[in-house]
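Now for the letters of each chain:
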Amino acid sequence: MAKKAHIETTINGEQVEYLCEPRQSLLEVLRDVLEMTGTKEGCNDGNCGACTVVMDGRIVNSCLVLGAEAEGANLETIEGVATPDSLHPLQQSFLQNAALQCGICTPGFILASKALLEMEPDPGEERVRHWLAGNLCRCTGYDKIVKAVLEAADVLEVKG
Amino acid sequence: MATTTEVSSTEFNVVGTRPIRHDGTEKVTGRARYSADIQLPGLLHGRVLRSPHAHARILSIDTSKALDLPGVKAVVTSADFAKPSGRVSDLTEGAIHNMGFMANNVMAGEKALYKGHAVAAVAATSPHIAEEALGLIDIQYEVLPPVLTLDVAMKDDAPVLHERLASLANPGLRPGGLKDDDDTGEATNIANHFVFESGDIEQGFKEADVVVEREFDTASVHQGYIEPHAATAVWNADGNITIWCSSQGQFAMRDQTARLVGVPVSKIKVIPMEIGGGFGGKTIVYLEPVAAALAKKSGQPVKVTMSRTDVFQGTGPTSGTHIRVKMGANKEGKITAVDATLAYESGAFPGSPAIPGSLCMLSAYEVENARVEGYDVVVNKPKAAAYRAPGSPASAFAAESVIDEVAGKLGFDPVDFRMLNGAREGTRRINGVRLPRIGYMELLQAAKDHPHYSAPLEGPNRGRGFATGFWGNGTGPASAVASVNSDGSVSLVEGSPDIGGNRVALAMQVAEVLGIAAEDVKPAIGDTDSVGFTSNTGGSGATFKSGWACYEAAHDIKRQMIERAAKIWEASPEDVSYTDGVLTHNSDPELKLTFRQLAARLNATGGPISGRGNVNPRGQGPATAGCIVDVEVDPDTGKVEILRFTTLQDIGKAIHPSYVEGQMQGGAVQGIGWALNEEYVYNDRGEMSNSSFLDYRMPTSLDLPMIDTVMVEVPNPGHPFGMKGVGEVAIVPPMPAIANAIHNAIGVRMTSLPMSPGNILEAIWSQQEDGKA
Ligand code: FES
Ligand code: FES
């Protein structure tokens, strides 16, 4: 077995160090090494978006990134989206709009949508559908998810 | 835009409102724990080795090299599991499963019966070591010719999957079985062949002015839940086993695992984790007994997980089918006769949904003369599992396409034609059972009145389609316990895993009875030692049956609260009334206690109060759905775009309307995927060639418009709040509705699913050929 690498990275604003095997993906590191299981696995081959995290400002499928590649990176995961005393407007909007059924896809959708709204505060329905096409949801038919994102955009605009 | 059409309205305080779900915050923050999220000290990782052949005899298995790999702690094969008999004579009437077949499906015995069939499993200190070890297990196979299509499987000289398969003629014995030892009948792949009949079809066809007969094919599709299966087990030295898994029923997992590892149910505790989608596919065990067996052998906790490819190749799917429908109708628009034959692939073991498919096919209609013949056929594909309204989508695709054609030939509007033939209270289904009050006619009227139905649809290659569907809905035993807390809240423990918002809908039923807020009820899903037996979250049954249990538990609390108030007031319980959460002394209205006030005094006035509900309710009432869809077909590429979609459903009464809409939209979109893209693609060796989400293409947000919902509320007389199961039926009508829309757009009648670009182009070309000929 190849030697484990020592990685230093930033996750949700905290300095984190971990050891990982060269073959371990970032998703495995998050879930199995760091026990941050909010990031989900749906396919492990880049086709469902359940494992979406933000890496240096870009959304990535963490199953397609190696744990070792996170050296020096700035990562954001679902665990860092809410503050200790309040949910992010997107999270609130997902709840109010019943935009989750089983909820396994939800962390991925929230991170992907958050990245969109940070770049484009006022996307239309088409843009939201296009942006979220890499995230699969089998339960909702997307209707309520799209509405939740559009509504959160409005809330964030008023706040912002 | 969502609309509700109400037939009668009872006043409710909580039912019909839209509180935020209790488990919501955990789920949007990533804190909710699903099956694969469990971490334990000393946890080993398990992986399953799967057959590379669709049909092969297993000659030998050598696990020694795998066991020698550092880090490997245990290897199991079928030798490590119990061997329940698969004989028909050992099944009970109405049996849901044949445990012999289930044991064989979980771990192949003498034969591997599909590519992906589990043959061995490994537990190791890391998932990667477990994967490496799988490659070191040496299995000698004798490869046999695979049986991949209904045509081949049903031939007299076809290779057989099970040498001793019993060929039944009994729609009451869906799981099928093996013959008794003294039965020397021919070997076959036809596990069940049954007929439902009513009236006189010969006479009926004589009376018809138009007769249409067509044959349809549908491909296998997967439930497609985003969460792959995972199960974690600990087997203690005292023989007690704990299993963490996500499933549609912790009690089913417990009972099935107990049979497969050969222990009494009391030895197993199943802790239900949050479930990341099931749609019927998580009602049977796959990994739970494997994790238990590995845990026993290694003496450590073991978590076994599936990859997405494992999920496609080893679980689900729903049956591929071949269906023939012949329908006659007269000029007045009455259906005079139907003659249908339905063959369903059950996969490697019997038990396809051919029976419900056959029963549902005509159930939304009053058809006097009908004959429906069904076949359950084994083939070398994964064992079919339940998928949302099992069996009904395929039979509706066939029947609703033919109805559209018949109506068109007779010059009737598709909704009008259905109204002329629609089922009502008292209509007999083909098995003789009479329908209770349903809302099918109201649903048809709502479709007709919907602006979508009459909206102009302009432009070339665009068309509108309509279709409906029927589903019987299920019920079963369910349990709940509710305890009053000193702050006036109620802790509720119920037994139905929450697959899409049923937890909030159950809490709401408690709140409604007690006159408190939904937020003041704290629902939890109990493990198998914490709550009474509850059958699967399936058959659209959870909110109905567990709802009944919650309703009973709440009434039990109410009764005890009345008694307690009476005791405090030194009155008799008859002197106390309970309205909207306030207890009042009837003859002295000055004496009043709110639920909250009394809750604070329970310990001092006689002790805590808990209520319980243990039920097996009838009266769940069948469900109907319909949809209106506009499509545009690109005649050059064959691509179908959904321009507008409205789904309507006869829902009884919505407990939480947002989650009812969610079920309707989710079902509709699964139907759209089934209609347009999804299918298991096999090569001639029986290997699925598209076992990833890249190649098995489920709808994305970009493929869809908003899904408009119309909830038709005709109260179900079988439930105190008039609700009925809503989870499944919305998946039934999209396939025929889209096929009918395509016909309306380009004049081509699609008779096979999926209606993918290639299949559409082929249909266009073959129609052009026919036109030339
Ligand atoms: S798990 Fe990474 S994209 Fe599906
Ligand atoms: S809510 Fe279940 S997959 Fe999206």
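Residues numbered from 1 in each chain as written. Chains lettered and ligands numbered in written order. Predicted model: local features only at pLDDT ≥ 70, side-chain atom pairs only at ≥ 80, totals over all residues. Heavy atoms only, no water.

### Focus: the interface of chain A and chain B
One widely used convention gives an interface's size as the accessible area the parts lose upon coming together.
Stage number 1. Across the contact, 52 residues belong to chain A and 57 residues belong to chain B.
Stage number 2. Taking both sides of the interface into account, the surface hidden between chain A and chain B amounts to around 4,400 Å²; carbon and sulfur atoms contribute 58%.
Stage number 3. As a salt-bridge pair, Glu132(B) and Arg23(A) come within 3.1 Å of each other at their nearest N and O atoms.
Stage number 4. Inspection of the chain A/chain B interface yields 25 residue pairs in polar contact (both at pLDDT 80 or more).
Stage number 5. Residue assignment for the side of chain A that touches chain B shows that the elements contributing at least two residues are helix H1 (26-33), helix H2 (89-96), helix H3 (106-119), helix H4 (125-131) and helix H5 (143-159) of chain A.
Stage number 6. For the side of chain A that touches chain B, the element with the highest residue contribution is H2(A), accounting for five residues. (Contact = heavy atoms within 4.5 Å. Buried area = accessible area lost by both parts, 1.4 Å probe. Salt bridge = Lys/Arg side-chain N within 4 Å of Asp/Glu carboxyl O. Polar contact = N/O pair within 3.5 Å; in protein donor to acceptor, adjacent residues only side chain to side chain. Helix = DSSP H or I, 4+ residues; strand = E, 2+ residues; numbered from the N terminus.)

### Describing the nonpolar core
Stage number 1. Among the nonpolar cores identified, the biggest contains 181 residues, and Phe94(A), Val631(B), Ile738(B) and Met755(B) are the most heavily contacted of them.
Stage number 2. Listed in part, the 49 residues of the second largest apolar core include Ala98(A), Tyr551(B), Leu583(B) and Ile655(B). (Core = buried A, V, L, I, M, F, W, Y, C linked by side-chain atoms within 4.5 Å. Buried < 20%, exposed > 50% of the residue type's maximum accessible area, 1.4 Å probe, protein only.)

### Points about the packing of aromatic side chains
One pair of aromatic rings is described through two measures. These are the centre distance and the angle between the planes.
Residues and elements named next belong to chain B.
Stage number 1. Counted according to the given criterion, the structure contains 17 aromatic pairs over all chains.
Stage number 2. Look at Tyr387 and Trp674: their rings are 5.5 Å apart centre to centre, the planes differ by 15°, and that puts the pair in the stacked class. Taken together, the residues Tyr387 in the loop between strand E16 (370-378) and helix H11 (392-410) and Trp674 in helix H18 (residues 657-676) connect sequence positions 287 residues apart.
Stage number 3. With relative accessibility at 1%, the residue Tyr387 sits in the buried group.
Stage number 4. When the centroid spacing of 6.1 Å and the interplanar angle of 40° are considered together, the rings of Tyr680 and Tyr682 count as tilted.
Stage number 5. Given the relative accessible area of 5%, Tyr680 is considered buried. (Phe/Tyr/Trp six-rings, centres within 6.5 Å; stacked < 30°, edge-to-face > 60°.)

### Points about the domain arrangement of chain B
Residues and elements named next belong to chain B.
Stage number 1. One can read the domain layout of chain B as domain 1 (35-144 + 229-314) and domain 2 (478-615).
Stage number 2. When each unit is reduced to the centre of its C-alpha atoms, the spacing between domain 1 and domain 2 is 39 Å.
Stage number 3. The interface is formed by 19 residues belonging to domain 1 together with 17 residues belonging to domain 2.
Stage number 4. Around 1,400 Å² of area is buried between domain 1 and domain 2 when both sides are counted, 54% of it from carbon and sulfur atoms.
Stage number 5. On the domain 1 side of the interface with domain 2, the three residues burying the most area are Gln248, Gln250 and Phe251, jointly 42% of the side's total.
Stage number 6. Taken together, the links from domain 1 to domain 2 amount to one salt bridge.
Stage number 7. Across the contact surface, domain 1 and domain 2 share six residue pairs in polar contact (both at pLDDT 80 or more).
Stage number 8. Of all the elements in the fold, those that place two or more residues in the side of domain 1 that touches domain 2 are helix H7 (250-261) and strand E12 (268-272).
Stage number 9. Across the side of domain 1 that touches domain 2, the residue classes tally to eight nonpolar, seven polar and four charged. (Domains from an automatic or database assignment. Nonpolar A, V, L, I, M, F, W, Y, C, P; charged D, E, K, R; others polar.)

### Observations concerning helix H19 (residues 734-746) of chain B
Residue and element names in this part refer to chain B.
Stage number 1. The end-to-end C-alpha separation of H19 is 18 Å, in line with the 18 Å expected for 13 residues at 1.5 Å each.
Stage number 2. Within H19, 10 of the 13 residues are buried, which leaves the element mostly enclosed by the surrounding structure.
Stage number 3. Listed in full, the buried residues belonging to H19 are Pro734, Met735, Pro736, Ala737, Ile738, Ala739, Asn740, Ala741, Ile742 and Ala745.
Stage number 4. Downstream of H19 by one or two residues, Gly747 has phi in the positive range, about 75°. (Expected span 1.5 Å × (residues − 1).)

### Observations regarding the sheet that holds strand E3 (residues 52-55) of chain A
All names here are of chain A.
Stage number 1. Pairing in this open sheet of five strands is mixed, and the strands run E2-E1-E5-E3-E4 from one edge to the other. The strands lining the two open edges of the sheet, one partner per strand, are strand E2 (14-20) and strand E4 (58-61). Each adjacent strand pair in this sheet contributes to an overall mean axis angle of 40°, direction not counted.
Stage number 2. Each of E3, E4 and strand E5 (74-76) touches H3; the most contacted strand, E3, lies at about 35° to it. (Pairing = 2+ DSSP bridges. Axes fitted to C-alpha atoms, helices over the stretch in contact; angles between N-to-C directions.)

### Some points on the pattern of salt bridges
All names here are of chain B.
Stage number 1. Inspection of the entire model under this criterion finds 53 salt bridges over all chains.
Stage number 2. Arg418 serves as the salt-bridge partner of Glu400, at 2.8 Å between the closest nitrogen and oxygen. Separated by 18 residues along the polypeptide, Glu400 in helix H11 and Arg418 in helix H12 (residues 414-421) bring together distant segments of the chain.
Stage number 3. Linked by salt bridges that have partners in common, Arg21, Asp23, Lys27, Glu274, Asp498 and Arg503 make up one network.

### Description of the domain arrangement of chain A
Residue and element names in this part refer to chain A.
Stage number 1. Splitting chain A by domain gives domain 1 (5-80) and domain 2 (89-159).
Stage number 2. Each of domain 1 and domain 2 has a C-alpha centre, and the two are 22 Å apart.
Stage number 3. Of the residues lining the interface, 13 residues belong to domain 1; the matching set on domain 2 comes to 13 residues.
Stage number 4. In this assembly, domain 1 packs against domain 2 so that about 1,000 Å² is buried in total across both faces, 65% of it on carbon and sulfur atoms.
Stage number 5. Where domain 1 touches domain 2, the interface holds one salt bridge.
Stage number 6. A salt bridge links Glu76 to Lys114; the nearest nitrogen and oxygen atoms lie 2.5 Å apart.
Stage number 7. At the surface where domain 1 touches domain 2, the tally comes to five residue pairs in polar contact (both at pLDDT 80 or more).

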